[in-house]
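Coordinates in review
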Amino acid sequence: MSSQNAPAAPSAVDYDLIVIGAGPVGENVADYATKQGMRTAIVESELVGGECSYWACMPSKALLRSGEALAAARRVDGAKQAVGEIDVEAVLRRRTAFTSNWHDDGQVAWLESASIALIRGAGRLVGRGQVRVGERTYTASTVALATGSVPTLPGIPGLAEADPWGTREATSETLIPPRLAVLGGGVAGVELAFAYASLGSKVTVLARSGLLGREEPFVGELVADALVGAGADVRIGVSPRRIDRLPTNDAGRGAVRIDLDDDTTLEADELLVATGRRTNTDGLGFEAAGVDGLEVDDTMLVNGTDWLYAVGDVNGRALLTHQGKYQARAAGEAIAARLRGQPLDAARWGRHVATADHDAVPHVVFSDPEVASVGLTEARARERGLRIRAVEYDLGAVAGSALHADHYSGQAKLVVDEDRRVVIGATFVGYGVSELLHSATIAIVGEVPVDRLWHAVPSYPTMSEVWLRLLEAYFG
């Protein structure tokens, strides 16, 4: 345990803490600080609840789920004979319900119930502990930035003028285009390709560097095969030279023509660009506040300051909603502890730090099959110079998988640190594998020795029996 003095602050301030950004991360920073007695306000220029609630996590998963459920039924004899076709309008209605029809009344009511003040407008720093919103400047002892990330647009000739979709448009659309081109092979591109293929679009994925390249090599191969099986055209290693929106036709918006560097041309009714995101720091007023970058310590305190925090995507550590919320829980309580002059639990795995950001980040790609992974891949572990052993197992050979789906296909992999004899990475690809991930996360965070994991007996017949098979492979 360590203790730090509370930062110097004006003698009278409007709030103990002002959070800029009311997405899930900002809400959690504010909530955890408020529960510790801090007077807290949150600033939001759009909808309270943020990107995840209205244009990302929730609507994209709602678009995916119906097609996934139908596909799951079709993989089981006796069920597939009873399955009909997807009801696109019903899927879109369900998607819209999960966004509360893009209204934030419920989220605003929650802020009120949590005693967190809401300030509508764009916030920017104008000095130490000073946040300008519209014509008014608010003061606080501490400020937390939780402004998230925004999509990037590659510098392809004609792309900006072609007015492509981003993920916001793709998750809020009310008409399904007959032909959809997806530029990018990352998580968003892959998930939305599956979603729109299930909804009836002829999908073409353009992925210069392959699909899901940050994962183990077998992941992209299995997902690409599944996309092709779903009716998509997957083109690896190609890039657009130029993109043009053709003249408007009788139906309205004109088609998109994509000239590729393999000398072929592709036409689509819409183009989704999902080539990555960058931290959203535009207009935050760093210069006026004397801030030079947003590198943070594990409590999310911005280096070189004693009053400013950066939490979630905006600090660039782990661009995932659940990881941002984890950071927010640590930061909210660290802020309160510092302001009240209480001891700070900032040691590794302490209450006020986000240690898991470094070695135990779990994430799921809700493709069909799913991809679930946590910790280090084999390649990253070797780059760190660790002495490791990696083992793989055919997930389809597990009894629980065979019961889950006829002709089940999947793969599982563990990466073990041989010096400490603990799991440092795990990857699963297959139907329903997202529910296997938390056990792997616990093993990594808890640094459970593989000799002890041998005694964690999986129930039979479930897919979790793959843990036994992987450990058998490890012990030989």
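First, a word on what this report is: a plain description of the structure on this page.

Definitions and cut-offs
Residues numbered from 1 in each chain as written. Predicted model: local features only at pLDDT ≥ 70, side-chain atom pairs only at ≥ 80, totals over all residues. Heavy atoms only, no water. Helix = DSSP H or I, 4+ residues; strand = E, 2+ residues; numbered from the N terminus. Rg over C-alpha atoms; globule rule 2.2 N^0.38 Å. Contact = heavy atoms within 4.5 Å. Lys, Arg positive; Asp, Glu negative; His and termini not counted. Charge placed at Lys NZ, Arg CZ, Asp CG, Glu CD. Buried < 20%, exposed > 50% of the residue type's maximum accessible area, 1.4 Å probe, protein only. Phe/Tyr/Trp six-rings, centres within 6.5 Å; stacked < 30°, edge-to-face > 60°. Lys NZ or Arg CZ within 6 Å of the ring centre and 35° of its normal. Core = buried A, V, L, I, M, F, W, Y, C linked by side-chain atoms within 4.5 Å. Axes fitted to C-alpha atoms, helices over the stretch in contact; angles between N-to-C directions. Parallel < 35°, antiparallel > 145°, perpendicular 65-115°, else oblique. Left-handed = near helix turned anticlockwise from the far one by under 90°. Salt bridge = Lys/Arg side-chain N within 4 Å of Asp/Glu carboxyl O.

Some remarks on the overall build of the chain
- Looking only at helices and strands, the chain features 16 helices and 23 strands.
- Expected size for 476 residues packed as a compact globule is a radius of gyration near 23 Å; at 24 Å, the chain falls within 12% of this value.
- Counting contacts in the chain only where the partners sit at least 6 residues apart, residues at least 24 apart contribute 66% of the total.
- For the chain, the centre of its 45 positive side-chain charges and the centre of its 62 negative side-chain charges are spaced 2 Å apart.

Quick notes on unusual backbone geometry
- With an omega dihedral of 20°, the bond running from D368 to P369 counts as a cis peptide bond.
- Following the sequence through the fold, P369 ends up in the loop between β19 (362-365) and β20 (370-375).
- In the segment running from Y460 into P461, the intervening peptide bond is cis, with an omega of -5°.
- In this structure, S100 is a non-glycine residue whose phi angle is positive, near 55°.
- On the secondary structure map, S100 appears in the loop between α4 (88-98) and α5 (105-113).
- On the basis of relative accessible area, S100 is assigned to the partly exposed category, the value being 44%.

Some remarks on the packing of aromatic side chains
- Scanning the model with the defined rule gives six aromatic pairs in all.
- Taking 5.2 Å as the distance between ring centres and 80° as the angle between the ring planes, the aromatic pair formed by Y408 and Y431 counts as edge-to-face. Taken together, the residues Y408 in the loop between α13 (399-404) and β22 (411-417) and Y431 in the loop between β23 (422-430) and α14 (437-445) connect sequence positions 23 residues apart.
- With relative accessibility at 15%, the residue Y431 sits in the buried group.
- Centroid distance Y474 to F475: 5.2 Å. Interplanar angle 75°. Geometry classified as edge-to-face.
- Stacked on the ring of Y32, the Lys or Arg K35 has its end atom at 5.2 Å from the ring centre.
- Directly above the aromatic system of W55 lies the positively charged group of R168, at a separation of 3.6 Å from the ring centroid.

Some details on the nonpolar core
- Membership of the largest hydrophobic core comes to 80 residues, with the highest contact counts inside it found for L125 and F428.
- Residue contacts for L125: discarding those within four places in its chain leaves I20, Q130, V131, V143, L284, G285, F286, A288, A289, W307 and L308.
- L63, V91, L92 and V365 belong to the second-largest nonpolar core, a separate cluster that totals 33 residues.

Observations regarding the environment of F98
- Examined against the element boundaries, F98 turns out to sit in helix α4.
- Excluding residues within four positions of it along the chain, F98 makes contact with S53, M58 and A62.

Re the packing of helix α3 (residues 57-74) against α4
- Two elements in contact, α3 and α4, have axes whose closest approach is 8 Å; the angle formed by their N-to-C orientations is 155°. The orientation of α3 relative to α4 falls into the category roughly antiparallel. Both α3 and α4 take part in a crossing whose hand is right-handed. Contacts from M58, P59, A62, L63, R65 and S66 in α3 reach V91, L92, R94, R95 and F98 in α4.

Details of the pattern of salt bridges
- Following the criterion strictly, the structure yields 35 salt bridges and no others.
- Residue D244 is joined to R242 by a salt bridge in which the shortest nitrogen-to-oxygen separation is 3.1 Å.
- Accessibility expressed as a relative area gives 18% for D244, which makes it buried.
- Linking E465 and R469 is a salt bridge whose minimum nitrogen-to-oxygen distance equals 3.2 Å.
- Taken together, the shared-partner salt bridges connect E216, E378, R382, E392 and K413 into one network.

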